[in-house]
Amino acid sequence: MIVRMKKASVICQAKDAVDTVTELRALGLLHVEHQQQPQGRDISALQEDISLAGAALDILARYSKGAAEPVTEQKRQADWKTSSRHIVDIEKRLDQLAEYSRALNARIAEWEPWGDFEPDRIEALGRRNIFIRFFRIPAKELGTLASGTIVTRISERGGIVNCVITSRQNREFPYQEMHLPKMSLSAMRRKLEQDRGLETALAHDLIKQNAHKRIIQEHKALLEKELEFKQAVAGMGLQGALAYITGYIPFDSVDTLEQAGRDHKWALSLTDPGPEDAVPTLLRNPDWVERIKPVFGLLGITPGYRELDVSLVFLVFFSIFFGILIGDAGYGVVYMALTAWMHSKNRNNPAMANVFPLLYSLASCAIIWGAMTGTFFGQEWLKGKGFSALIPGLNDVKTMQTFCFFLGAFHLSLAHSWRAVLKLPSLSALADIGWVCVLWAAFFLARTLILSEPFPSWGSLLVLSGVALVILFTNPQRNMLRAIGEGLGAIALSLMNNFTDVVSYVRLFAVGLAGVAIAETTNSMAAGLGNGAAAVVAGALIAGIGHALNIILGPMSVLVHGVRLNVLEFSSHANVSWSGFEYEPLKE
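Residues numbered from 1 in each chain as written. Predicted model: local features only at pLDDT ≥ 70, side-chain atom pairs only at ≥ 80, totals over all residues. Heavy atoms only, no water.

1. Concerning a nonpolar patch on the surface
Among the surface-exposed residues, Trp288, Leu312, Val316 and Ile320 lie close enough to one another that they form a single nonpolar patch of about 340 Å² accessible area. Broken down by element, the nonpolar patch gets its largest block of residues, three residues, from helix α11 (residues 311-326). Position of valine 316 among the secondary structure elements: in helix α11. When its relative accessible area of 37% is taken as the criterion, valine 316 is described as partly exposed. (Patch = residues over 30% accessible without salt bridge, like charges linked within 9 Å, V, L, I, M, F, W, Y side chains within 5 Å. Areas by Shrake-Rupley, 256 points an atom, 1.4 Å probe, with all protein chains shown as cover. Salt bridge = Lys/Arg side-chain N within 4 Å of Asp/Glu carboxyl O. Helix = DSSP H or I, 4+ residues; strand = E, 2+ residues; numbered from the N terminus. Buried < 20%, exposed > 50% of the residue type's maximum accessible area, 1.4 Å probe, protein only.)

2. Here we look at the sheet that holds strand β6 (residues 176-178)
Strands sit in the order β4-β5-β3-β6 across an open sheet of four strands; the sheet is antiparallel. The sheet is open, and its two edges are formed by β4 (149-157) and β6, each paired on a single side. In this sheet, neighbouring strand axes are inclined to one another by 30° on average, regardless of whether the strands run parallel or antiparallel. Where β4 and strand β5 (residues 160-167) come together, eight bridges link them in antiparallel fashion. (Pairing = 2+ DSSP bridges. Axes fitted to C-alpha atoms, helices over the stretch in contact; angles between N-to-C directions.)

3. Comments concerning the packing of aromatic side chains
Remark: the centre distance and the inter-plane angle together describe each pair of aromatic rings, the angle taken between the planes. Tallying each qualifying case throughout the model produces 23 aromatic pairs. Here the aromatic rings of phenylalanine 376 and phenylalanine 377 are separated by 5.2 Å at their centres, their planes lie at 80°, and the arrangement is edge-to-face. Taking relative accessible area as the criterion, phenylalanine 376 reaches 32% and is therefore assigned partly exposed. For phenylalanine 377, a relative accessible area of 25% gives the class partly exposed. (Phe/Tyr/Trp six-rings, centres within 6.5 Å; stacked < 30°, edge-to-face > 60°.)

4. As for the packing of helix α19 (residues 507-527) against helix α20 (residues 533-573)
Their axes nearest at 9 Å, the elements α19 and α20 cross at an angle of 175°. It follows that α19 is roughly antiparallel to α20 by the angle criterion. Residues Arg507, Leu508, Val511, Gly515, Ile518, Ala519, Thr522, Asn523, Met525 and Ala526 of α19 form the contact with α20, whose participating residues are Gly539, Ile542, Ala543, Gly546, His547, Asn550, Ser557, His561, Arg564, Leu565 and Glu569. In terms of residue class, the contact of α19 with α20 is built from nine nonpolar, nine polar and three charged. (Parallel < 35°, antiparallel > 145°, perpendicular 65-115°, else oblique. Contact = heavy atoms within 4.5 Å. Nonpolar A, V, L, I, M, F, W, Y, C, P; charged D, E, K, R; others polar.)

5. Points about the nonpolar core
Grouped together as the largest cluster of nonpolar side chains are 85 residues, with contacts concentrated most on Ile245, Ile292, Phe314, Phe318, Phe321, Leu508 and Trp578. Setting aside chain neighbours within four positions, we find isoleucine 245 in contact with Ala8, Ser9, Val10, Val21, Leu24, Leu30, Val32, Ala232 and Met236. Formed by 21 residues, the second largest nonpolar core is a distinct cluster that contains Leu60, Val88, Leu206 and Ile216. (Core = buried A, V, L, I, M, F, W, Y, C linked by side-chain atoms within 4.5 Å.)

6. Remarks on α11
Counted at 1.5 Å a residue, the expected span for α11 with its 16 residues is 22 Å, and the 22 Å between its end C-alpha atoms agrees. Of all 16 residues that make up α11, 13 are buried, and the element is covered over most of its length. (Expected span 1.5 Å × (residues − 1).)

7. Regarding the environment of aspartate 277
Tracing the chain through its elements places aspartate 277 in the loop between β9 (267-271) and α9 (287-290). On the basis of relative accessibility, which here comes to 12%, the residue aspartate 277 falls in the buried class. Sequence separation of aspartate 277 and leucine 308 is 31 residues, and the distance between their C-alpha atoms is 18 Å. Not counting chain neighbours up to four residues away, the residues in contact with aspartate 277 comprise Lys7, Tyr248 and Arg306. Separated by 2.7 Å, the side chain of aspartate 277 and the backbone nitrogen of glycine 274 make a polar contact. (Polar contact = N/O pair within 3.5 Å; in protein donor to acceptor, adjacent residues only side chain to side chain.)

Structure, rendered in C-alpha cells:
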C-alpha cells in the first residue's frame, strides 16, 4: 500500500538551524521540501567534487576488465581527489589521442597515392628557386600546361591525375593544389604507431586505477550525504529570528517526531498534504509482495502518492506473463540454477534482498508453464519419449489465443473494478462498471473477428449497457447535457482502445510460440547431423548455442512485452501514470 503522509514543519531559532537539521538527520524521518533554492559556495564545491568522483567512476566502469592491483593501505590513504583528477585527465588525453589519430589516418589516406617523400627537402629546393608542387589535374588538360614546367604523373583515378609540377618560377595554376604535409608518409605512420602504443599504455593505467575505485565510491557517498545536509540547511525558510524546515513523514512516525520536538524544544506543525503539494511515495507491503520492487527500480517508476499501489497485481501478472513468454521448463531450471549460483555469491548483499526471491518466483513460473505445456528444451523430443503435456489444450492455437484474450479482459477489468470500489458511493463508479462491460464485449468480439467464433446473442446488450453507463456516469452532475457530452467524449477516445488493448495480449502467445519454434529448430538441426562422434559434438555445440540464445533473449522479451502489459495497458485503465517519486528521508 501507499503509506499516508503528514506534512511536517519543524520551527527553531535561526542560530540552532544546523543543530536542528543534525538531529532530524539522526531521526531519519523527514523527506525535505526546500523552502528556498539551496545555494552557496560550500554547496557548489560539494557538487563539483561529486561530479568529479562520478566522472572518475564512470570512466573506471569502462575500464574494469582485467586484474586491478589490490588496494593497499597506502592507496586507501591516498587523496581521492588526486586519483579522480588523474583518471579524468587520462580519459581526456585518450580522447585527444583518438581525435588526433583519426585526423592522422585521414592524412595518411590522402597522401598514400603520392608516395613517401620528405616535405623539408621540397621546401629547401623552393628556397633555391626550384619549385615542386602537387596538383590534381583532369587527364585531358595535362597537355595544356605552359612550357617551362616538368609534369610528373604519380597516379590516376577517375580521370583525375595526381601529378607533380616542377618549375623555376612560382607560377599560379588553375587546378586543385595539394599543400605539403608537415611530415613524410613514413613519419606519419611512425607517429600513428607511437600514439597507439601510448593509448594502450594509458588504457592499461586506467585499468590499474580500479585499485582506487572503492575509496572513490566511499568518498562520493560521504560527499552526497554532506551535500544533502548542506542543502537541507540552506533550503530552510527564515522568518526573523526563526528558521523552519518542511517536509513529509509517514503518518505512523508522528509520535516519534513529536517526542523529538519536546526533547529539543522545537515548534511543530503537522497537517495533511494539500492537493497542491508534491508528496513523496512510500510503498509498504508484505515481504512476498516487496519482491516486485527491483522491477520498479530497474524501470525507474513509482506510482504517484494519490495513485493506486499496483504492486500485488503487477507481481502476480508479471509472473504469469514470464511463465507464458519463456514457456519452457528446461529454461526455467537454467534460470533457477543461475539464480542459486548468484545468490550464493551475494548472500550478504542487502541491496539484493528482494532480487533473488523475485528471480526464484519467475523461474518457478517458467517451470510450471513448461510442465503444463510439455515443454523442456522443446516439445517434440519429449513426445517421442512418451511424455505428454499436463494440459494439452494449451498447445492448441485457438485455445491459447482465447486464453490470452481472456487474460487481457480479466486483467483490465480488474483495474476498472478496483477504481469502481474506490469511487463508491459516487455514481461515477458506474462508469467503470460500464468499461468492464465494454472490455468483455471486446473479448467476445476478438474471438469472433480473429477466431471466427460466434458472437453471443446477448453480446449486443453487453456493449449497449456498457456504453450507456460510461456516457451517463463518467462525470455525473446536475447539468445532464454536459455530463452526457463528457461521456460521449470518453467513449470516442477510448472505445476502440479497449478492443485493441484486449487483443494486444495475444503477444504473449505469439512470443511464447516463437521461443518454442526456436527450440524445436535448434533440436532438429542438432539431431539431423547424424550419429558419428564428430556429429554428436557438432550437434551438442549447435544445441548449446541455440538454446543459450533463447535463454538470453527470453528475459528481453519479458522486459518488452510483460512489462508493457502492466505499465501501459493495465496502468492506463487503472489511471496510474507512474508520476510519483520515492520517499527519501534525510538520514545519516
